[in-house]
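# Architecture at a glance
Below, each chain spelled out in residue letters.
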Amino acid sequence: MSKDLVARFDDKLRAKRESFDRLPVIDVAPLLDGSDKMGVARQIRWALSNTGFMYVKNHGIAQDFVDDVFGVTRRFFDLPMAEKMALHVGKSDVALRGYIEPFGENVDPTKSKDLKECFDLGPERATVEGPFFGPNPWPANFPEFRELVYGYHERMVDLSKKLLRGIALSLDLPETWFEPLMKDPISIQRLLHYPSQTGHVDENIIGIGAHTDYGNLTILAQDDVGGLQVMNRDGDWVEGTPVRGSFVINIGDLIQKLTNDIYLANMHRVINTSGRERYSIPFFIDADFDAVIAPLPSCVSEANPRRYEPVTCGAHKFGRFAASYAHLKKSAA
C-alpha cells in the first residue's frame, strides 16, 4: 500500500491498543435459560459500573442470520445514490425513518463531521404518529432486504428485553422492572456504512464523532473491520475489537440517569482507517415515549446525592436527535 494512502492519525485520535477482553465478555446463556441469572447479573453490574460496555456471547441469535443481514446491508449501500435519496429520512419528518447521506447526521457537531451513511427503521406504522413512530420506507424491488432487516429488528426487540431483565437483576430490582415502561417502546434499527479514510485524520472528519447513546440499551453487530473506540475511565481510547459470534452491548443516557451515575453511558466513536469498507448494525431500545425516568431510590445516598431530575424518554431522545438533524430543528422548537 502506498504511504500516501496510509492514514496518519492526529495525536488526539490515537487509540490505546488493548486486547478485546479489556471490555468484559459475558456468557448470557445462564441468564436466558434461567440456570444462573444472578451470576450473569453480577457480571453485568461490574461491566456497566466500570466500562458501560460488554460483549455478550451465546445470545441465541444465529450467526448465519446475522451474516445474511450484513449481506443485504452491503447491497443496500451499493445502490445508486438516487435510489437511496428517494428514501431520505427528511421525508419521514419526525418519525426519523430512512436513509441518511454522508455528513447528514453529526453526533458531535461542534467538533466533527460524520463520514458515514445510515438507514434507520423501527416498528411498522401506517402513518406518522409522532417522533420515532411512522412508516418504514423500503427500497423497491428488494424484498429480501425488508424481510431480513425487519426480521432482525424484531429479534433484537426480544433479545433487548431479555438483557434488560439481567440489568434489572443487577440493580437488585425485580427482573420484570422495565416491562411497565416498555409497553410500546421506541426502538431504532440502524444500518451503517463507513468508508475508509486515508491521509491525515483528525477530529474534523471521522466515521462518527465521540458521543454517548441516548436511550436505554444498544446491541451492536460488527463486521470484522474494526474501528470502534471506547473511552476508559483514564480518558484513554480503547479499541472495541470485533469478536465473531458476539454482540457489543452498551447502555445509554437514560440508564445512567436511572442509576444516578452508578452505571456509565460511556463515550465512544468510530474511526475507519482499515483500507476497507466498514459495516455495522446497531439496534437501540428505549422505553415508551412518555415513560418517566428518574434516579432509583436505591442509587441515591449521602455519598451519591441525586444528580438528575425526572425526564420523559421521548423528550430526552428527540432533543438529542434534533441537535443532529437539520430538518428537525423547527419541529423541536
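Shown above is the structure to which this text applies.
Residues numbered from 1 in each chain as written. Predicted model: local features only at pLDDT ≥ 70, side-chain atom pairs only at ≥ 80, totals over all residues. Heavy atoms only, no water.

Now for the environment of isoleucine 188. Relative to the helices and strands, isoleucine 188 is located in strand S7 (residues 187-194). Placed 14 residues apart in sequence, isoleucine 188 and aspartate 202 show a C-alpha to C-alpha distance of 29 Å. If we ignore the near neighbours within four places in the chain, the residues touching isoleucine 188 are Asp120, Leu121, Phe132, Pro282, Phe283, Phe284, Lys317 and Phe321. (Helix = DSSP H or I, 4+ residues; strand = E, 2+ residues; numbered from the N terminus. Contact = heavy atoms within 4.5 Å.)

Relative to the helices and strands, arginine 125 is located in the loop between strand S6 (117-121) and helix H5 (143-170). Since its relative accessible area comes to 19%, arginine 125 is described here as buried. A distance of 3.1 Å separates the side chain of arginine 125 from the side chain of glutamate 129, its partner in a polar contact. Setting aside residues up to four positions removed in sequence, arginine 125 forms contacts with Phe133, Gly134, Pro135 and Asp184. (Buried < 20%, exposed > 50% of the residue type's maximum accessible area, 1.4 Å probe, protein only. Polar contact = N/O pair within 3.5 Å; in protein donor to acceptor, adjacent residues only side chain to side chain.)

Let's shift gears to the environment of proline 109. Structurally, proline 109 can be placed in the loop between strand S4 (98-100) and strand S5 (113-114). Take proline 109: its relative accessible area is 51%, and that puts it in the exposed class. Along the backbone, proline 109 and valine 238 are 129 residues apart, and their C-alpha atoms lie at a distance of 22 Å.

Glancing now at the nonpolar core. Of all hydrophobic cores here, the largest spans 88 residues; its most connected members are Phe76, Phe119, Phe145, Tyr152, Ile167 and Phe247. It is H5 that provides the largest number of residues to this core, a total of 12 residues. Aside from chain neighbours lying at most four places away, what touches phenylalanine 76 is Lys84, Leu87, Tyr99, Phe119, Pro139, Phe142 and Phe145. (Core = buried A, V, L, I, M, F, W, Y, C linked by side-chain atoms within 4.5 Å.)

Throughout the structure, instances matching the rule amount to 15 aromatic pairs. Arranged with centres 6.1 Å apart and planes meeting at 85°, the rings of phenylalanine 132 and phenylalanine 318 form a pair that is edge-to-face. Of this pair, phenylalanine 132 sits in the loop between S6 and H5 while phenylalanine 318 sits in helix H7 (residues 313-322), and the two are 186 residues apart along the sequence. The exposure class of phenylalanine 132 is buried, given its relative accessible area of 2%. Ring geometry for tyrosine 214 against phenylalanine 321: centres 5.2 Å apart, planes inclined by 85°, an arrangement best described as edge-to-face. Here tyrosine 214 is found in the loop between strand S10 (208-211) and strand S11 (217-222), whereas its partner phenylalanine 321 is found in helix H7, with 107 residues between them in sequence. A single burial state applies to tyrosine 214 and to phenylalanine 321, both of which are buried. Lysine 113 extends its terminal NZ or CZ atom over the ring of phenylalanine 103, reaching a point 4.5 Å from the ring centre. (Phe/Tyr/Trp six-rings, centres within 6.5 Å; stacked < 30°, edge-to-face > 60°. Lys NZ or Arg CZ within 6 Å of the ring centre and 35° of its normal.)

One open sheet accounts for four strands, arranged S10-S15-S12-S13; its pairing is antiparallel. Of all strands in the sheet, those with a lone pairing partner are S10 and strand S13 (237-239), marking the two edges. Taken pair by pair, the neighbouring strands of this sheet meet at an average axis angle of 25°, ignoring direction. Sheet topology places strand S12 (residues 228-231) next to S13; three bridges connect them, and they run antiparallel. Counterpart to glutamine 229 in the pairing with S13 is glutamate 239. (Pairing = 2+ DSSP bridges. Axes fitted to C-alpha atoms, helices over the stretch in contact; angles between N-to-C directions.)

Take it as geometry only, folks, not as evidence of what the structure does.
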